[in-house]
Each structure stands twice: as structure tokens, then as C-alpha cells.
Amino acid sequence: MDGAFSFMILFNIFIAVYLLYYAIKGTGKVYENDYPAEMKEPHAKLLRKFCWIAGVPLLVLSVLEYMSNQGISSIWGIISIVYILGCVVGYFIIFKVRFKEYLRDPRKNVPKK
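Residues numbered from 1 in each chain as written. Predicted model: local features only at pLDDT ≥ 70, side-chain atom pairs only at ≥ 80, totals over all residues. Heavy atoms only, no water.

A. Spotlight on the packing of helix α2 (residues 37-67) against helix α3 (residues 75-98). It is the contact of α2 with α3, at a shortest axis distance of 9 Å, that shows an interaxial angle of 175°. Our classification of the angle between α2 and α3 gives roughly antiparallel. Taken together, the residues that form the contact of α2 with α3 break down as 20 nonpolar, three polar and two charged. (Axes fitted to C-alpha atoms, helices over the stretch in contact; angles between N-to-C directions. Helix = DSSP H or I, 4+ residues; strand = E, 2+ residues; numbered from the N terminus. Parallel < 35°, antiparallel > 145°, perpendicular 65-115°, else oblique. Nonpolar A, V, L, I, M, F, W, Y, C, P; charged D, E, K, R; others polar.)

Structure follows, in C-alpha cells:
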């Protein structure tokens, strides 16, 4: 089991580096979507902020978790899991609130006969 937990910690480090790569780069596959044109730039800015906010602490927490002797059951592991879940839920809430007018179902806006 220790090998699987070590793999998960290393995978967290990989995800953090991936997030930081896209936060620094600002373009790429993660930014490609089929949203309306007026929504693409604000969404890209929001996603870039999310990559910074999630990437840096996840990298620090994952390295601390890797360095601890307890593995994934350390306090750093618990904090990193809670932090990432909070970031993802927060991102989706902010996304839905900020872009709700663009995300409405077009069938609802069709006038009735």
C-alpha cells in the first residue's frame, strides 16, 4: 500500500506542476472551449487565476506530504485534499454565478407561439 500512496503523492505533484505550467503559459488545451466569444477572455482570466491559486499551494502541500514519514495520512495530505476540493467547488460556484447569462439553455429563451 505504501507504493500506491507514494504514487498518489507524486501524481499530486505532477498535477500541481501542470497547473503552474498553464498558469504561466496562459494558453493551450486547457483554455480551449466552445463558449461564446464574449465569454472566452473573462473565462480564460478566471481559469488562469484558478491555476495559480490551486497550483502553488498544491505543490507546496504535496512536497511536504512527500517529505513526511506518514505519507498520505499526514496532516499535509488531509489539508491538500480539503484544499483542492474547496478550490474546485469554489471555481464551479464562481463560474456558474459569473457566467450564468451565457450558460442559459437556449431552448428556454425561445418565444412561445
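B. Summary view of the environment of Phe14. Mapping Phe14 onto the fold places it in helix α1 (residues 2-25). Its relative accessible area of 52% is what places Phe14 among the exposed residues. Taking C-alpha positions, Phe14 is 10.0 Å from Gly55, a pair spaced 41 residues apart along the chain. (Buried < 20%, exposed > 50% of the residue type's maximum accessible area, 1.4 Å probe, protein only.)

C. Structural context of the pattern of salt bridges. By the definition in use, this model includes two salt bridges. Its salt-bridge partner being Lys29, residue Glu32 comes within 3.6 Å of it at the nearest N-O pair. Like Lys29, Glu32 is exposed. One salt bridge connects Lys45 with Glu41, and the closest N-O pair in it is separated by 3.6 Å. Highlighted residues: Lys45 and Glu41, both in helix α2, separated by four residues, approximately one helical turn. Neither Lys45 nor Glu41 differs from the other in exposure class; each is exposed. (Salt bridge = Lys/Arg side-chain N within 4 Å of Asp/Glu carboxyl O.)

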